[in-house]
Amino acid sequence: MKVIGREIGDELISMYGLIEGRASAADRAVEVVPFEGQGLSDVHWTPKKVVISLHSGVPTHSIPHVLAVALQHVRQSLDGYPSITKPKGRDPEGAELVRAALRELVLEPDAEVAIGPLGLDRTWENEQRHQGYKALLDNPPEDWNEPDTLGNLFVALQYARLATTHPPQMWKALQKRTEQVLPNAAERGELALSVLKRRRWGSPRACLDSFLYLRHELGLEDIVQIEDDEGNIYGDAEEVSAGE
């Protein structure tokens, strides 16, 4: 299988074909393109295409895992998973980073479970993520340890994400460092982690519950809007608790 001009092996032929077929049934072609910029991948829906962008700097041996996660994000959309969007009105600088961290906190574990049986190599990604988070903790701004600042919320969500998906032997040192440098962010990260463990993922409803309760517990209502595949916009977490 060849993507962005590189041969990546055959592990994803079946998955790619399945997602491509489902997208075709929704009147979309699937296109994989290279890009330069932030992040390892991105998925963009247009009226006629689903465009999966893969960072051209990803080593060839790591492309299968990066592409597999992106394909699972396409599958999540096709399955009707909820989306995180910007509320109407002013959007403070840094809010989109917090929304992106919230999305990945819930949707990445769901994707990893789906692709787990393939045993794809994510060593390079783990190293990149490890170094990136470690760099966040080098002389962070003072307000990152103040409750409800966007920097504090971003670190807390990244903390919970790595605690969920990072290899335990690699996470332990980062956890200790966060507790030393940004104790309040670490505490809020533990709160986010406990909410995620209770609500989980694995279905559109489970992810909706996780998004709602995380937004409520972390106080993200001003910058996070949650929408399901039918266009319903949800308020606070109590909207789902009533049906339990």
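Structure: above.
It should be emphasised that the depicted structure is a prediction, and the values quoted were computed from it without experimental measurement.

Participant: Any details on the overall build of the chain? Residues and values, ideally.
Facilitator: Helix and strand counts for the chain stand at nine helices and eight strands. The C-alpha atoms of the chain give 18 Å as radius of gyration, which agrees with the globular expectation for 244 residues (18 Å, within 12%). When each of the 244 residues of the chain is scored for burial, the buried share is 47%. Of all intrachain contacts in the chain linking residues separated by at least 6 positions in sequence, the fraction that spans at least 24 positions is 64%. Accessible area of the chain: about 12000 Å², with a carbon and sulfur share of 50%. Side-chain charges in the chain split into 26 positive and 39 negative, and the spacing between the mean points of these groups amounts to 2 Å.

Participant: Help me get a handle on the sheet that holds strand S7 (residues 225-227), residues and values and all.
Facilitator: Two strands in a sheet stick together by hydrogen bonds in their backbones, pointing the same way (parallel) or opposite ways (antiparallel). In spatial order, the strands read S6-S7-S8; together these three strands make up an open sheet with antiparallel pairing. Among the strands making up the open sheet, the edge pair consists of strand S6 (83-85) and strand S8 (233-234). Bridge analysis of S7 against S8 gives two bridges, and the strand direction is antiparallel. Residue isoleucine 226 lies in a different strand from S8, and its bridge partner there is tyrosine 234. Along the sheet, helix H8 (residues 204-218) makes contact with S6, S7 and S8, crossing S7 at roughly 165 degrees.

Participant: For the packing of aromatic side chains, give the residues involved together with the corresponding values.
Facilitator: This structure, assessed with the given rule, holds two aromatic pairs. Consider the rings of tyrosine 159 and tryptophan 171, whose centres lie 4.9 Å apart with planes at 85 degrees: the pair is edge-to-face. Separated by twelve residues along the polypeptide, tyrosine 159 in helix H5 (residues 150-165) and tryptophan 171 in helix H6 (residues 168-181) bring together distant segments of the chain. Members of the aromatic cluster, connected to one another through ring pairs, are Tyr133, Tyr159 and Trp171. Lying over the aromatic face of tyrosine 213, arginine 199 brings its terminal NZ or CZ to 4.4 Å of the ring centre. Here the guanidinium or amino end of arginine 200 rests over the ring plane of tryptophan 201, the centre of that ring lying 4.2 Å away.

Participant: Explain the sheet that holds strand S4 (residues 41-45) to me, using residue names and the numbers behind them.
Facilitator: The three strands lie next to each other as S3-S5-S4, forming an open sheet whose pairing is mixed. With partners counted over all chains shown, the strands left at the sheet margins are strand S3 (29-35) and S4, one partner each. Sheet twist, expressed as the average angle between the axes of neighbouring strands with direction ignored, equals 20 degrees. One ladder, built from five bridges, connects S4 with strand S5 (residues 49-55); its direction is antiparallel.

About the criteria used
Residues numbered from 1 in each chain as written. Predicted model: local features only at pLDDT ≥ 70, side-chain atom pairs only at ≥ 80, totals over all residues. Heavy atoms only, no water. Helix = DSSP H or I, 4+ residues; strand = E, 2+ residues; numbered from the N terminus. Rg over C-alpha atoms; globule rule 2.2 N^0.38 Å. Buried < 20%, exposed > 50% of the residue type's maximum accessible area, 1.4 Å probe, protein only. Contact = heavy atoms within 4.5 Å. Areas by Shrake-Rupley, 256 points an atom, 1.4 Å probe, with all protein chains shown as cover. Lys, Arg positive; Asp, Glu negative; His and termini not counted. Charge placed at Lys NZ, Arg CZ, Asp CG, Glu CD. Pairing = 2+ DSSP bridges. Axes fitted to C-alpha atoms, helices over the stretch in contact; angles between N-to-C directions. Phe/Tyr/Trp six-rings, centres within 6.5 Å; stacked < 30°, edge-to-face > 60°. Lys NZ or Arg CZ within 6 Å of the ring centre and 35° of its normal.

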